[in-house]
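# Secondary and tertiary structure notes
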Amino acid sequence: MVLLGHQTVDVHHRGPSRRTLSLALASVAAILFAGCWLVIQRHNERPPWAKDVAYEAGFIQGNRIRQYDPTGQETIALLAGGCERLQAAGQGGLKASYDPGLWVDGCLDGAAGRQPVKQGLFH
């Protein structure tokens, strides 16, 4: 059907050509790939938020020991230097190696039943 006064139907598409669109998408993908590669090269096996991870792992360890201690003797031992001994013996795991001091702080906070204070955006 042809409208009055229009003898041809305009079928071209308005916007960038397929070539321009393809080049733009390829360049965005290359920039994202390069950015991810740089982050991986910089941090390698250690995540960028490693201090939060170390504190949280220590907190969870201390909290679990406190919660599953029926007599309270293990909790007392943790608060009397047990967290430092656990970390020194390598029982804190890989996450404790990110920041051993913060792991011990988290373990002490968890064993004492305190709220996790050195975690998150504002600490």
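To start, this report covers the structure provided alongside it. (Residues numbered from 1 in each chain as written. Predicted model: local features only at pLDDT ≥ 70, side-chain atom pairs only at ≥ 80, totals over all residues. Heavy atoms only, no water.)

### A look at the packing of helix H2 (residues 50–67) against helix H3 (residues 73–88)
Running from N to C, H2 and H3 cross one another at 155°; their axes reach a closest spacing of 11 Å. Considering the angle they form, H2 stands roughly antiparallel to H3. As for the relative orientation of H2 and H3, their crossing is right-handed in sense. The residues of H3 that touch H2, namely those facing Gly62, Ile65 and Arg66, are Glu74, Thr75, Leu78 and Leu86. Counted by class, the contact of H2 with H3 contains three nonpolar, two polar and two charged residues. (Axes fitted to C-alpha atoms, helices over the stretch in contact; angles between N-to-C directions. Helix = DSSP H or I, 4+ residues; strand = E, 2+ residues; numbered from the N terminus. Parallel < 35°, antiparallel > 145°, perpendicular 65-115°, else oblique. Left-handed = near helix turned anticlockwise from the far one by under 90°. Contact = heavy atoms within 4.5 Å. Nonpolar A, V, L, I, M, F, W, Y, C, P; charged D, E, K, R; others polar.)

### Considering the state of the cysteines
Scanning the entire structure with this criterion turns up one disulfide. At a sulfur-sulfur separation of 2.1 Å, the disulfide partner of Cys83 is Cys107. The S-S bond linking Cys83 to Cys107 shows a torsion near -70°; that makes this disulfide left-handed. Residue Cys83 is found in helix H3, and its partner Cys107 is found in helix H5 (residues 100–112); the two are separated by 24 residues along the sequence. Relative accessible area serves as the criterion here: at 0%, Cys83 is assigned to the buried category. Its relative accessible area of 0% is what places Cys107 among the buried residues. (Disulfide = S-S within 2.5 Å. Buried < 20%, exposed > 50% of the residue type's maximum accessible area, 1.4 Å probe, protein only.)

### Focus: the nonpolar core
Counting 11 residues, the largest nonpolar core is built from Ala57, Ile65, Leu78, Cys83, Leu86, Ala96, Trp103, Val104, Cys107, Leu108 and Ala111. Looking at this core, the elements with two or more residues in it are H2, H3 and H5. Counting residues per element, this core draws most heavily on H5, which supplies five residues. In this structure, Ala96 is in contact with Gln87 and Trp103, ignoring residues within four places of it in sequence. (Core = buried A, V, L, I, M, F, W, Y, C linked by side-chain atoms within 4.5 Å.)

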